[in-house]
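So you can see what is in the structure, the chains are spelled out below.
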Amino acid sequence: MSREHDPFRIPRAGWEVAPLAGLASIDVNGNGGAFSGGEVVAESTLGGVVVHAIHQALLTALRTEALRQRGAIDRATQVRTIALTVWEAGKQGAMVSAVLGVVLLVFPWLGWPLALLGAVGMGKASLDLFHAFWDGLSEAQRAELLAAAHEAGVNLRRLLDGTVGPQSA
């Protein structure tokens, strides 16, 4: 799995959250998810927008906090950047979720494969969030966290470097 090391690049929510966004549904009228075509697509689209927006807000907030701590941006720029990227992710989430909502309406049996893809995608999304968190730490905080992880028997270098294989101390 490749990892972007540029501290000034704001990561974007990608296709890894699409399967979960397609399955997310928010019951806005409280009818317990009654099955009508337009309502299913609308509630699925709303759920997808929320999933995309939350993921993007976390990614952007973690990365911009690192930039703010380094003095590269101020708080107002950070808030503006978060708002703009969340808006863009919400629009992307609406398009993807509307399409997936229609596909699931026509082919409801695709729900299970989409759920499995969603679990894999959320694994990648979690790694992206971890990397954004890691990039925001100072060198002293990183060293302290690596030492604590080593004491606990966890090899964080595998997550950070993207290497796969047996743990090495």
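Here's what I pulled together on the structure shown here. (Residues numbered from 1 in each chain as written. Predicted model: local features only at pLDDT ≥ 70, side-chain atom pairs only at ≥ 80, totals over all residues. Heavy atoms only, no water.)

## Notes on the packing of aromatic side chains
Then step 1. Under the criterion given, the structure shown has 2 aromatic pairs.
Then step 2. When the centroid spacing of 6.2 Å and the interplanar angle of 70 degrees are considered together, the rings of Phe107 and Trp109 count as edge-to-face.
Then step 3. Given a relative accessible area of 40%, Phe107 falls into the partly exposed group.
Then step 4. Given a relative accessible area of 58%, Trp109 falls into the exposed group. (Phe/Tyr/Trp six-rings, centres within 6.5 Å; stacked < 30°, edge-to-face > 60°. Buried < 20%, exposed > 50% of the residue type's maximum accessible area, 1.4 Å probe, protein only.)

## Overview of the nonpolar core
Then step 1. Phe130, Trp134, Leu137, Ala149, Leu156 and Leu160 form the largest nonpolar core, which has 6 residues in total.
Then step 2. Setting aside chain neighbours within four positions, we find Ala149 in contact with Val154 and Leu156. (Core = buried A, V, L, I, M, F, W, Y, C linked by side-chain atoms within 4.5 Å. Contact = heavy atoms within 4.5 Å.)

## Some points on the pattern of salt bridges
Then step 1. Tallying each qualifying case throughout the model produces 6 salt bridges.
Then step 2. Measuring nitrogen to oxygen at the nearest pair gives 2.7 Å for the salt bridge that ties Arg68 to Glu65. Pair noted here: Arg68 and Glu65 are both in helix α2 (residues 37-70), with a separation of 3 residues, about one helical turn.
Then step 3. Lys91 is paired through a salt bridge with Glu88; the nearest N and O atoms lie 3.2 Å apart. (Salt bridge = Lys/Arg side-chain N within 4 Å of Asp/Glu carboxyl O. Helix = DSSP H or I, 4+ residues; strand = E, 2+ residues; numbered from the N terminus.)

Limitation: the analysis is restricted to geometry and does not speak to function.
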